[in-house]
Amino acid sequence: MEQEQDSRKSNGYMSSKIHFSKEVKNAIDKVLKSDDPMDSTDFNTVDYINQLFPNEQSLVGIDDTIQRMQCEVTLIDENIRSVVRGQTNTGQDGQMALNEAQKVITSLYEHILDVKSRAERTEEMVKEITRDIKQLDCAKRNLTSAITALKRLHMLVGGIESLNMFIEKRSYGEILNPLQAISEVNQHFQQYSEIDEIKNLSQNVEKIQIKLAKQISEDFKDAFSAKLNSKDSNGQSRLSLNQLSEACKVISVLEPRVKKDLLKWFIAQQLEEYVQLFHENQDIAWLDKIDKRYAWLKRHLLDFEDKFGDVFPLDWEVSERITVEFCRLTRQQLSQIMAKRVSEIDVRLLLFAINKTQAFEQLLSKRFTGVTLGFAITDKTASYTENNADLNNTALPCVFQDQIGSCFKSHLGIYIKSIDRNLTELMEKFVEQTKEPFKIAEAKTTVYPSSADLFVFYKKCMVQCNQLSNDQPMYDLALVFKKYLREYAVKVLEFSTPKILTNSTSIGKSMSLLTRDMQNLSSAAGQVFQNLLKEGDTQRFSKDELIRICCVLTTAEYCLETVQQLEDKLKEKVTLAYVNKIDMSEEKDVFHRIISSCIQLLVQDLEAGCEASLQAMSKIQWQSISNVGDQSAFISTICSNFKHTVPVIRDTLATSRKYFTQFCHKFVNTFIPKFINVLYKCKLTLSDGSNNVLGCEQLLLDTHSLKTALLDLPSIGSSVNRKAPTSFTKVVIKDMTRAEMIIKVVMTPVQPPAHFTQQVLKLLPDITISEYQKILDMKAVKRVDQLQLIDLFKHTASTAAIAGLSDDVESVQELLTSPNVSESSSNIEVTLNLSSESSDVTSGNSNGNQSTASTVPISTPKRNFIFSVGNFTGSSNSNTDGSSSMNDRGRIRKLENLIKKRLP
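Rules behind the numbers
- Residues numbered from 1 in each chain as written.
- Predicted model: local features only at pLDDT ≥ 70, side-chain atom pairs only at ≥ 80, totals over all residues.
- Heavy atoms only, no water.
- Helix = DSSP H or I, 4+ residues; strand = E, 2+ residues; numbered from the N terminus.
- Buried < 20%, exposed > 50% of the residue type's maximum accessible area, 1.4 Å probe, protein only.
- Contact = heavy atoms within 4.5 Å.
- Areas by Shrake-Rupley, 256 points an atom, 1.4 Å probe, with all protein chains shown as cover.
- Core = buried A, V, L, I, M, F, W, Y, C linked by side-chain atoms within 4.5 Å.
- Salt bridge = Lys/Arg side-chain N within 4 Å of Asp/Glu carboxyl O.
- Axes fitted to C-alpha atoms, helices over the stretch in contact; angles between N-to-C directions.
- Parallel < 35°, antiparallel > 145°, perpendicular 65-115°, else oblique.
- Left-handed = near helix turned anticlockwise from the far one by under 90°.
- Nonpolar A, V, L, I, M, F, W, Y, C, P; charged D, E, K, R; others polar.
- Expected span 1.5 Å × (residues − 1).
- Arc of directions from axis to C-beta.

(A) The overall build of the protein chain, seen in detail. From N to C terminus, the protein chain includes 34 helices and 2 strands. Out of the 904 residues belonging to the protein chain, those deemed buried represent 37%. Taking all contacts inside the protein chain whose residues are at least 6 apart in sequence as the whole, residues at least 24 apart take part in 79%. With the model as given, the accessible surface of the protein chain reaches about 54,200 Å², and the carbon-plus-sulfur share is 53%.

Encoded structure:
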């Protein structure tokens, strides 16, 4: 092996290392795929050996590995040897092939040189043969050009003479063809302009064109002069219409400027009567007679086309040009006259003028193609016009739009102000309607008809404004819409919503009776005393007032949905510059607020109906009840209140089921905490300190009856038994079950205290200290005994928190009573976060002030444990071997994990 390697080195195989590029390496890897780590470019022998022998035990198989490696080396050497031997004859064969290829290339090169020399000799022979032919061909071309130039020169000279003769005779029909020919010939001779004779002829042609243009213009002016004499000013006869038509064809050949000047004069001459007739000093020029302007143009176009329609070529579009100039003059005159008499413009006159103008512009768009305005009518548009002109005029492309009407856009503020005034009057009408009782049976809807009338008016205004302008006026109209949406919400919806009079308002109303009419003092004083006597009574809504509140809610819901559609429509109609400026989120918030206010009023009314029953519940001598019967009278009163109030609300909100569900949710979220607060006031203890079990059972029965009534609240009094929403059912079951658990806790004897505390934590796991103290008050426990029970409760609750409420209570107790942990247990400080705010919230519910509780759902605050865990390092007196120390650490870590699981 060593000798063979030495021979390879001597042969140069291993003298240098071959380096391949990255692309070559990738190609080799694709062809010769190998999973052997030795084939990788970043092969590391140390890593490879460590991988084969990761530990001492793996060294047992080192001999097998070495033997396997030697076999692989032997195999590779044999392969290399066979490849090297196979390459021995390859060099000789390649050399022979190379020599043969060189011989073939030499022979081919000689053959190419021979072909090239023959081609050169052939080319020389062809040149010799065709030399005379080329000379003859060049002579022929020169002769033909000379003959053509002479013919054109003769034509030019003869044409100039004949043109001068035709011009003198005004024979425009005979001028057209020679003039076209001479113009083309003159263009041909422009390349010979350095020749004097040719230059003079070109100048003569230009003089003829100028003379011809001037003469035809004078002939037109004489022909259309106001004087209807048969002769012009020079005594010559006027040209006939046929001659004028031939003269127009001649002008079409001349420069475009001639045609433009002639049309400008002719159109001004045609509209001269219009300018004088509708001068701003004339009465007929004002907006109230704007239709007479358009009638004049119709008559004039009919008369013009009847008399002179055959004079001008069709491609001149003379009628359309007259119409375009008429629109420009009309727009200018109207702008000037409106600027001077702006104080005389009212919305009716403005809309009249705009409507007449728009109708006239649509008529012009149907009559003309708009070519003179830069519009090119396509075949598709023409086909559409022919097929659909009688079906829908507004669908046609209005090419004349705003040709006149743009002068009115600066005065559209008058229209917006008119809309503002109309909406003010409409709002006053709506306010008057709210003072009358709303009859649902006649209206067949719970939505105020005024809201639909308002949005119908909005739609008409929007459509009309879109026809006038979809720019700044449309945005101004959107601002007006926003203003009156807010006014409708305040003046109509909020104004018609019944209110519950508080004590302060009733006293103020009573005092106003004394100061309003001092002449009838006795009657006023009697009314004051009567109001003062009624101050203790609960304010309730009548059935009609409940229905009105529900109608306000459904109307606000309708307005909320329609406002969104209105905003989308306005953004669709207005120009792109104002799209992002249109925002009605504030108005939608107003209607959201009205809906919430209505739901709150309904909740307050239903709560007010239960207030007297809850007061009666707190005044019952529960400790004196001697037997358990049916549900108590106060529960029956509450259920009766539900049956009389909820069906009215549900039926009226039949089209707004989601808001009825919100009403039910809000009611139970405020009523059940209030019921629990009253429950804490009930005294269930006998004179000897023991519980009256019959009173507790009766109260438990009443609580269960109330729970059933609340679950049935959404469908109470309904012939259709619809299942209550799941979210509503969960809230009722959760909160009312808590009330039942409170009663069951009260039924549990205080002695022994440990058992009582465990029952409290079992039935009410999230009870707070303030709630625990209220339960002790219900059981008439003395203050001294309450302190001991509270301390025991804290200790038991903290122990339960440390244990994570685990079922393995014995292991926890063993953990806590372990002597090794007792020394380090002093590092664990367990405190209860008894926030004064939570007890204030709990006690504040019993003060009778439900304004906050009605708006914010009250949930029972959960007990919050805050643990300050010390450094768990175990006992300082650990054994020397460390086994006891590790055991203690393991137990302490287990305790720490249990505490962390319990913590939020």
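(B) Region of the structure containing the nonpolar core. In this structure, Phe220, Phe408, Phe591, Met617, Phe642, Phe667 and Leu710 are the most contacted members of the largest nonpolar core, which totals 177 residues. Contact partners of Phe408, with chain neighbours within four places excluded, come to Leu287, Ile290, Leu334, Met338, Leu350, Ala353, Ile354 and Thr357.

(C) Representation of the pattern of salt bridges. Enumeration according to the criterion identifies 27 salt bridges in this entry. A salt bridge links Lys707 to Glu740, with the shortest nitrogen-to-oxygen separation between them at 3.9 Å. Taken together, the residues span a long stretch of sequence, with Lys707 in helix 25 (residues 693-711) and Glu740 in helix 26 (residues 726-747) at a distance of 33 residues. On the basis of relative accessible area, Glu740 is assigned to the buried category, the value being 9%. Here the residues in one salt-bridge network are Lys482, Arg486 and Glu587, joined through shared partners.

(D) View of the packing of helix 15 (residues 413-434) against helix 18 (residues 472-496). At their nearest, the axes of helix 15 and helix 18 sit 10 Å apart, and the two run at 15° to each other. By the criterion of interaxial angle, the relationship of helix 15 to helix 18 is roughly parallel. Seen along the crossing, helix 15 lies across helix 18 with a hand that is right-handed. Contacts between helix 15 and helix 18 involve Ile416, Ile419, Asp420, Leu423, Thr424, Met427, Phe430, Val431 and Thr434 on the former and, on the latter, Pro473, Asp476, Leu477, Val480, Lys483, Tyr484, Glu487, Tyr488, Lys491, Val492, Phe495 and Ser496. Looking at the contact of helix 15 with helix 18 residue by residue, the class counts come to 13 nonpolar, 3 polar and 5 charged.

(E) Region of the structure containing the packing of helix 9 (residues 256-270) against helix 12 (residues 318-340). Closest axis-to-axis distance for the helix 9/helix 12 pair is 10 Å, and the angle between their directions is 65°. The two elements helix 9 and helix 12 cross, and the hand of that crossing is right-handed. Every residue of helix 12 that contacts helix 9 at Leu263, Phe266, Ile267 and Gln270 is listed here: Val318, Arg321, Ile322 and Glu325. For the contact of helix 9 with helix 12, the residue count by class is 5 nonpolar, 1 polar and 2 charged.

(F) Local environment of helix 9. The terminal C-alpha atoms of helix 9 lie 21 Å apart, and with 15 residues this matches the ideal 21 Å at 1.5 Å per residue to within 8%. Among all positions in helix 9, only Val258, Leu262, Leu263, Phe266, Ile267 and Gln270 are buried. What you see down the axis of helix 9 is that its buried residues fit within an arc of 150°, all on one side. Summarising the geometry of helix 9, the exposed residues directed more than 90 degrees from the buried face are Arg257, Lys260 and Lys264.

(G) Highlighting the environment of Val480. Residue placement: Val480 occurs in helix 18. Each C-alpha atom of the pair Val480 and Tyr458 lies 9.9 Å from the other, and the pair is 22 residues apart in sequence. Apart from the residues lying within four places of it in its own chain, the contact partners of Val480 are Ile416, Ile419, Asp420, Leu423 and Tyr458.

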